Amino acid sequence: MRRADIQDEPATYERLVYKNTSVYHYMRISLVLENESTRLSAAQLKQLIVSGLRDLYGEVGGAFPFDLLKFDESTLTGVLRVYNSGLVKLWSALTLLGFYQNELCFFRVTQVSPFLLTLSGNSRELELD
């Protein structure tokens, strides 16, 4: 039973898309080497990544801006900061890197986020007392 003076209006649907306003993405990475006794400094790790970018994308790729914010030499893990526009390029260069000083190696990307704070904690490593 409808009243004659009320007209049905079509249902409206509004799509809201929130764009990420962050300029950077942060990546937690770890380097796995064939010889586990091999150690690298932060400068050597950054040079390894730059050489991977240069091999994949040429000289322009070697000049690609990224920052090594944190690096632990004992576990060979670190945090990289990269512009959003270059995230895929950096990730692909890390994936295709396979050698460090004629020794087999690979990078493992464990976390990626536009927010640095999300890399501070990992529920998989949480130890409860």
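Okay, so let's go over this structure. (Residues numbered from 1 in each chain as written. Predicted model: local features only at pLDDT ≥ 70, side-chain atom pairs only at ≥ 80, totals over all residues. Heavy atoms only, no water.)

### Describing the overall build of the chain
Next up, step 1: Summing up its helical and strand segments, the chain has two helices and five strands in all.
Next up, step 2: Starting at the N terminus, the α and β elements of the chain follow one another as β-α-β-β-α-β-β.
Next up, step 3: When each of the 129 residues of the chain is scored for burial, the buried share is 32%.
Next up, step 4: Within the chain, counting contacts between residues at least 6 apart in sequence, those at least 24 apart form 69% of the total.
Next up, step 5: Accessible surface computed for the chain: about 9700 Å², of which carbon and sulfur atoms make up 53%. (Helix = DSSP H or I, 4+ residues; strand = E, 2+ residues; numbered from the N terminus. Buried < 20%, exposed > 50% of the residue type's maximum accessible area, 1.4 Å probe, protein only. Contact = heavy atoms within 4.5 Å. Areas by Shrake-Rupley, 256 points an atom, 1.4 Å probe, with all protein chains shown as cover.)

### Describing the sheet that holds strand S2 (residues 66-72)
Note on sheets: strands pair through backbone hydrogen bonds, and any given pair is parallel or antiparallel.
Next up, step 1: Overall, antiparallel pairing links the five strands, which are arranged S2-S3-S1-S5-S4 in an open sheet. Single-partner strands in this sheet number two, and they are S2 and strand S4 (99-100).
Next up, step 2: Relative to strand S3 (residues 77-83), strand S1 (residues 24-33) runs antiparallel, the two being bridged by seven bridges. Residue Arg28 lies in a different strand from S3, and its bridge partner there is Val79.
Next up, step 3: Packed on one face of the sheet, helix H1 (residues 42-62) meets S1, S2, S3, S4 and strand S5 (103-113) and runs near 140 degrees to S2.
Next up, step 4: Across the sheet, helix H2 (residues 87-96) lies against S1, S2, S3 and S5, angled at about 0 degrees from S1, the strand it touches most. (Pairing = 2+ DSSP bridges. Axes fitted to C-alpha atoms, helices over the stretch in contact; angles between N-to-C directions.)

### Points about the pairing of S2
Next up, step 1: Across six bridges, the pairing between S2 and S3 is antiparallel. Pairing of Asp67 across the sheet is with Arg81, part of S3.
Next up, step 2: Connecting the antiparallel pair S2 and S3 is a turn made up of four residues, with Leu76 showing a positive phi of about 55 degrees.

### Quick notes on the packing of aromatic side chains
Next up, step 1: Tallied over the entire structure, the rule returns one aromatic pair.
Next up, step 2: The ring of Phe66 has Lys46 sitting right over it, with the charged end atom 5.0 Å from the ring centre.
Next up, step 3: The ring of Tyr57 carries Lys89 above its face, with NZ or CZ at 5.9 Å from the centroid. (Phe/Tyr/Trp six-rings, centres within 6.5 Å; stacked < 30°, edge-to-face > 60°. Lys NZ or Arg CZ within 6 Å of the ring centre and 35° of its normal.)

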